[in-house]
Amino acid sequence: MRQCDSSPTSARHMSRYEPSVIEPKWQNEWETKKPFKTPTDLAELKKKPKYYVLDMFPYPSGAGLHVGHPEGYTATDVVARLKRQQGFNVLHPMGWDAFGLPAERAAVRDGIHPAVITKRNVDNFRRQIKRLGFSYDWDREVDTSAADYYRWTQWIFLKLYEKGLAYMAEVPVNWGPALGTVLANEEVKDGKYVETGDPVERRLMKQWMLKITAYGDRLLEDLDGLDWPEGIKEMQRNWIGKSEGAEVTFQVQGTNESFVVFTTRPDTLFGATYCTLAPEHALVAKITTPAQKAAVDAYVAEAKNKSELVRKEEAKKKTGVFTGAHAINPATGKPVPVWIADYVLASYGTGAIMAVPAHDVRDHEFAKTFGLPIIEVVQGGKDVQAEAFVEEGVAVNSGQLDGLKTLEAKKKMTAWLEEKGLGKKRVQYQLRDWLFSRQRYWGEPFPIIHLEDGSIATVPESQLPVELPHVDEYKPTADGRPPLARAGDAWLGVTLPDGRKGVREVNTMPQWAGSCWYYLRYLDAKNGTQAWNPEIEKYWMPVDLYVGGVEHAVLHLLYARFWHKVLFDCGLVSTKEPFQKLFNQGMILAHSYQLPMQKYHELKDIDDRGEEGAFLKSTGERVFKQIEKMSKSRFNVVNPDDVINDYGADTLRLYELFMGPLEQVKPWEMKNVEGCLRFLERVWRLCVDEESGQPNQKLVEAGPESEPELNKALHRCLQAVERDTLAMRFNTAISHMMTFTNEAMKTKTLPKAIARTFITVLAPYAPHLAEELWSRLGGEGLVSIAPWPKFDASLVVDDTVTYAVQVLGKLRTEIQAPINATEAEVRAMAEADPKMKPWLEGKTVKKFVFVPKRLVNFVVG
RNA sequence: GCACGAGUGGCGAAACUGGUAGACGCAGCGGACUUAAAAUCCGCAGACCCUUCGGUGGGUCAUAUGGGUUCGAGUCCCAUCUCGUGCACCA
């Protein structure tokens, strides 16, 4: 840790680099002069090109920030500052995803209103974030739990409802009888509530659903035009899970009953030797023969009770029971047995499959287990009795399909099925409709009224918001209705203008709702009459750069895209996609110290002797040192407040980015933070004489050409920083600034023009230090909005370059050659080099490789 | 099991479309300044071997492992191992 000379009498003290003095000073200056305030006037805006840089806004938890949060925020801030200096109107806002479960739990526990808890947390988050000196336009701050925000969330819900995309359905939810409430999936493990161990059951409840499946195709197709990491796009594609195939109807032998299966391989219908229904399938009870009833009932009951864990463990072995019934294979006309098995999922497809053991791994295992026939219908594999052949091939044993390749066989069979009325083409998605209601207090109320006659009325737009009512407690009611049911009749009861009476919806929306459109509210955050002004929306959208954690790869990004497309269809936004470029930062890990018995210890209790190992100070016991995700329970959370107290915000910002590539997972090393501080101190000393506090005597009023070599280094630095920053390679951008500083240390004089230009370049990364030096060096106004310097292309190239001279690909010597030397000239120089003599003497050069400005290679015989 | 990503000095990492591997920083070592230390400044630094009075000169091996393509591979291809992340019988 840094040793500070705190003696007030020391002259040095007053003139050394003191982040704790200059950082609040400049933050104050920015706060009052508002250089980062983005114009709201459209005419004003249109004078400049736009750039919208967005951070995924945080959920303000009670724990406060850890150093992982500001990693992405620092990256976007550097880009925002650079773009601003380059003359763009930059939109760079911050806000709070403020509804959510933790605040509600705390409210139930302590009897405090969740709004109070949330405000406390937001205030703390804002304070911590402000200490890093980010250039947010704080006048656009949004809070999803504020009534003037969720008013518009409700308004968008009405749009969804009007388009028929919101509907109510009976769906299974996690019901905790002991708590009288519905639980989130994350609160349930092994069929028990994680906190108390009370059992949780699946129960059907009437819930609001959003028809995201109606947008499945567009959500899939429009991924192609986005500048997103390929991995994230792939995860979304898998999540949507589009597969094309056919539905086939099977008649149950000797009855009027039939069932429909979904298959992606209609070409293998001739090989379907049995069918399998999910245990939950409605037909199971009807077709089971009396002889099999006991066994089937037992299996169904067991499957119902099987916990997730048990099913995972048993995933390898196939279980199932014969129903006693047979179905007719429509292709062969022959009866095949109908089984039930829990490897068939009720929730996917039709809950029934035709089993083709020869060409499906799972069906093959099942057939082997129960001795069912395996018939090859696609040629190309090995022995299908031993192993399923799942690839494409040529149809055999398939009547009219014989000899066709898989693709044609699929088409022909589908056409045949359609012609005979036995089936049809079908596209199946894994994507399900979105369960959109929660039985919670701390969320957006639905603008919905349930009328006495059972119909649904919406609250008119003019009467929004439907505000959260006051309730005596934030728990469900005694009879298990959501907390909003505790609100009095004054809130619950509604009489429409036409005299009809009804009751308000008591469910609330999920946390995702607010985050689905916050990027639009930032555009026009103060608008009291519209969610946003359409002209302003046209100017700013789409988001040019969106940075956040990979954990939101699927849900948040898919839900937001869905809403955006609906808004697009309503003519309310001008782009079909909200986020043009997406970048995921990697997680920051930290060392943790753990005794063999799993107990974690804080760093302050540890004696870390490096290679020797780490030991517990109190007992001398050896502890394991490991690198893990930061978490409270591992005692390895690094708080940015502490880092700022010890090193300053500029050092923290720099280290966040210098650690390594932004997208990579990497460990926090306190030791390396010091290196960043040292760099900033060097920059300080370059400009300020620590003895006197006056500008360093090295600084001269001369022009940049008085130190030509340094000027070249400056322009090289300029070029590299601009290029690397815009490519989001911040770590190398910083290293180039370090290299320039090292050069500047060596020269006799430092022309002020050079120093000022360098400070302008440093400004996006270490803005407080840059402002202070800028003002001390007589810069005009704030460096944060000073124009970005242009590098001189003629200065970044040397007149001579170093050529590597290789023989058979191995480096033998180096030579200097003029930048535009010809191949023949360079070859002659290389051959003339005395060091080359032993390598070339008596050899014939079979080939000569010349790579301009880089190397030559003699291929000798 | 499947999908995706990643393996480079003691450590975090650089290396543009195949072209001098290890920039920059941390830790380390030597020197200067100092009564001394810290800080600072200057310098050294992949491993091994030969050579030299020497801080000289030179060579070999090195980017997880084994092959391949190429004048030339950290980078491209094949196989294997390890780690991380996501998904979990999706018909």
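Predicted model, so just to flag it, every value in this text is computed and none were measured.

(A) Main features of the domain arrangement of chain A. Segmenting chain A into domains produces domain 1 (43–142 + 513–585), domain 2 (243–428), domain 3 (588–637) and domain 4 (800–860). Its C-alpha centre places domain 1 at a distance of 48 Å from the equivalent point of domain 2.

(B) Quick look at the environment of glycine 454. Along the chain, glycine 454 turns up in the loop between β20 (448–451) and β21 (456–458). On a C-alpha basis, the gap between glycine 454 and aspartate 137 in space is 47 Å, while along the polypeptide they are 317 residues apart.

(C) Up close: the sheet that holds strand β34 (residues 800–807). Strand order in the open sheet formed by four strands is β35-β34-β37-β36, with mixed pairing between adjacent strands. Whereas interior strands pair on both sides, the edge strands pair on one side only; in this sheet they are β35 (810–818) and β36 (845–851). Strand-to-strand twist of the sheet, defined as the mean angle between neighbouring strand axes without regard to direction, takes the value 20 degrees. Both β34 and β35 contribute to a ladder of eight bridges, which runs antiparallel. Within β35, the residue paired with glutamine 806 across the bridge is leucine 811. Contacting β34, β35, β36 and β37 (855–860), helix α27 (residues 823–832) crosses the sheet at an angle of about 125 degrees to β35.

(D) Looking closely at the protein's contact with RNA strand B. Among the 48 residues in the neighbourhood of RNA strand B, the closest are listed as Thr264, Arg362, Glu814, Arg854 and Asn857. Counting only the atoms of RNA strand B within 4 Å of the protein, the fraction contributed by sugar and phosphate is 63%. Arginine 682 places a side-chain nitrogen or oxygen 3.2 Å from a phosphate oxygen of RNA strand B. Going through the elements one at a time, β11 (258–263), α22 (670–687), α24 (730–746), β34, β35, β36 and β37 are the ones with two or more residues in the surface near RNA strand B. The biggest single contributor to the surface near RNA strand B is α24, with seven residues. Its residues placed into classes, the surface near RNA strand B shows 20 nonpolar, 14 polar and 14 charged.

(E) Representation of the side chain of threonine 575 within the structure. Turning to its location among the elements, threonine 575 is positioned in the loop between α19 (555–569) and β25 (582–585). Side-chain polar atoms of threonine 575 contact the backbone oxygen of glutamate 577, separated by 2.9 Å. With residues near it in sequence (within four places) discarded, threonine 575 still touches Glu537, Met541, Pro542, His564 and Phe568.

(F) Structural context of the pairing of strand β5 (residues 166–176). Relative to strand β9 (residues 201–210), β5 runs antiparallel, the two being bridged by 10 bridges. Its bridge partner being in β9, alanine 169 is matched across the sheet by glutamine 207. In sequence, β5 turns back onto strand β6 (residues 181–183) through a hairpin of four residues, with glycine 180 there showing a positive phi of about 65 degrees.

(G) Summary view of the packing of aromatic side chains. In this structure the tally under the stated criterion is 47 aromatic pairs. Measuring from centroid to centroid gives 3.6 Å for tryptophan 434 and tyrosine 559, while their planes differ by 5 degrees, and the two rings are stacked. Taken as a pair, tryptophan 434 in strand β19 (residues 434–435) and tyrosine 559 in helix α19 lie far apart in primary sequence, 125 residues in all. For the pair tryptophan 434 and tyrosine 559, a shared accessibility class is recorded, and that class is buried. The rings of Phe157, Tyr161, Trp208, Tyr215, Trp434, Phe436, Phe446, Trp512, Tyr559, Phe562 and Trp563 are connected pair by pair, giving a single aromatic cluster. The ring of tryptophan 30 carries the charged tip of arginine 81 above its face, separated from the ring centre by 4.9 Å.

(H) Seen up close, the pattern of salt bridges. Evaluation of the coordinates by the stated rule reveals 42 salt bridges. Between aspartate 123 and arginine 126 there is a salt bridge, and its shortest N-O distance comes to 3.0 Å. Note that aspartate 123 and arginine 126 are positioned in helix α6 (residues 114–130) at a spacing of three residues, about one turn of the helix. According to the relative accessible area criterion, aspartate 123 is partly exposed, its value standing at 32%. Of the charged contacts, one joins glutamate 247 and arginine 426 as a salt bridge, the two residues approaching to 2.4 Å between their closest N and O atoms.

(I) Layout of empty space enclosed by the protein. One pass over the full model with this rule turns up one cavity of 30 Å³ or more. If you add up the space inside the largest cavity, you get close to 50 Å³. Lining the largest cavity are Val683, Leu686, Cys687, Phe740, Leu750, Ile754, Ala755, Phe758 and Ile759. Breaking the lining of the largest cavity down by element, the ones donating at least two residues are α22 and α25 (752–762). Sort the elements by how many residues they give to the lining of the largest cavity and α25 lands first, with four residues. By residue class, the composition of the lining of the largest cavity is nine nonpolar, no polar and no charged.

(J) Highlighting the packing of helix α5 (residues 101–110) against α6. Closest axis-to-axis distance for the α5/α6 pair is 8 Å, and the angle between their directions is 125 degrees. Taken as axis vectors, α5 and α6 run oblique relative to one another. Helix-helix and strand crossings are classified by hand; for α5 and α6 the assignment is right-handed. Residues Ala103, Ala106 and Ala107 of α5 pack against Pro114, Ile117 and Thr118 of α6. A per-class count over the contact of α5 with α6 returns five nonpolar, one polar and no charged.

(K) Here's a closer look at the sheet that holds strand β24 (residues 545–549). The strand order across the open sheet built from four strands is β2-β1-β24-β25, with neighbouring strands paired in parallel fashion. Both outer strands of the open sheet, β2 (89–91) and β25, are each paired with one neighbouring strand and no more. Direction aside, neighbouring strands of the sheet carry axes that sit 20 degrees apart on average.

(L) The environment of glycine 399, seen in detail. Among the secondary structure elements, glycine 399 is positioned in the loop between β17 (394–395) and α14 (406–420). You can call glycine 399 partly exposed: its relative accessible area is 47%. When the C-alpha positions of glycine 399 and phenylalanine 270 are compared, they lie 8.1 Å apart, and in sequence the two are 129 residues distant.

(M) Up close: the side chain of arginine 561. Within the element layout of this structure, arginine 561 appears in helix α19. You can call arginine 561 buried: its relative accessible area is 0%. Separated by 2.7 Å, the side chain of arginine 561 and the backbone oxygen of leucine 219 make a polar contact. Each residue touching arginine 561, except ones within four places of it in the same chain, is listed here: Arg218, Leu219, Asp222, Leu223, Leu226, Trp228, Gln236, Glu577 and Pro578.

(N) A look at the nonpolar core. Ranked by size, the top nonpolar core spans 177 residues in total, and within it Tyr52, Phe562, Trp563, Trp668, Met737, Tyr765 and Leu769 carry the most contacts. For this core, the element with the most residues is α22, which contributes nine residues.

(O) A look at unusual backbone geometry. With an omega of 0 degrees, the peptide bond running from leucine 464 to proline 465 counts as cis. Within the secondary structure, proline 465 sits in the loop between β21 and α15 (489–492). The omega angle of the peptide bond from methionine 541 to proline 542 is 0 degrees, so this bond is cis rather than trans. Positionally, proline 542 belongs in the loop between α18 (534–540) and β24. Phi at leucine 808 is positive, roughly 55 degrees, even though this residue is not glycine.

(P) Seen up close, the pairing of strand β14 (residues 335–340). Within β14, five of the six residues are buried, which leaves it mostly tucked inside the rest of the structure. Two elements, strand β12 (residues 274–277) and β14, share three bridges in a ladder whose sense is parallel. Considered in β14, the bridge of threonine 276 is made with tryptophan 339. The sheet contact formed by strand β13 (residues 321–328) and β14 spans five bridges and is antiparallel. Within β14, the residue paired with histidine 326 across the bridge is proline 337. If you look at the hairpin formed by β13 and β14, you'll find six residues sitting between the two strands, and glycine 333 has a positive phi there, around 75 degrees.

Rules and cut-offs
- Residues numbered from 1 in each chain as written.
- Chains lettered and ligands numbered in written order.
- Predicted model: local features only at pLDDT ≥ 70, side-chain atom pairs only at ≥ 80, totals over all residues.
- Heavy atoms only, no water.
- Domains from an automatic or database assignment.
- Helix = DSSP H or I, 4+ residues; strand = E, 2+ residues; numbered from the N terminus.
- Pairing = 2+ DSSP bridges.
- Axes fitted to C-alpha atoms, helices over the stretch in contact; angles between N-to-C directions.
- Contact = heavy atoms within 4.5 Å.
- Near = heavy atom within 4 Å.
- Polar contact = N/O pair within 3.5 Å; in protein donor to acceptor, adjacent residues only side chain to side chain.
- Nonpolar A, V, L, I, M, F, W, Y, C, P; charged D, E, K, R; others polar.
- Phe/Tyr/Trp six-rings, centres within 6.5 Å; stacked < 30°, edge-to-face > 60°.
- Buried < 20%, exposed > 50% of the residue type's maximum accessible area, 1.4 Å probe, protein only.
- Lys NZ or Arg CZ within 6 Å of the ring centre and 35° of its normal.
- Salt bridge = Lys/Arg side-chain N within 4 Å of Asp/Glu carboxyl O.
- 1 Å grid on protein atoms, 1.4 Å probe; cavity = no way out; pocket = protein on both sides within 12 Å on 5 of 7 lines; lining within 4 Å.
- Points joined across faces, edges and corners; volume = space filled by probe spheres on them.
- Parallel < 35°, antiparallel > 145°, perpendicular 65-115°, else oblique.
- Left-handed = near helix turned anticlockwise from the far one by under 90°.
- Core = buried A, V, L, I, M, F, W, Y, C linked by side-chain atoms within 4.5 Å.

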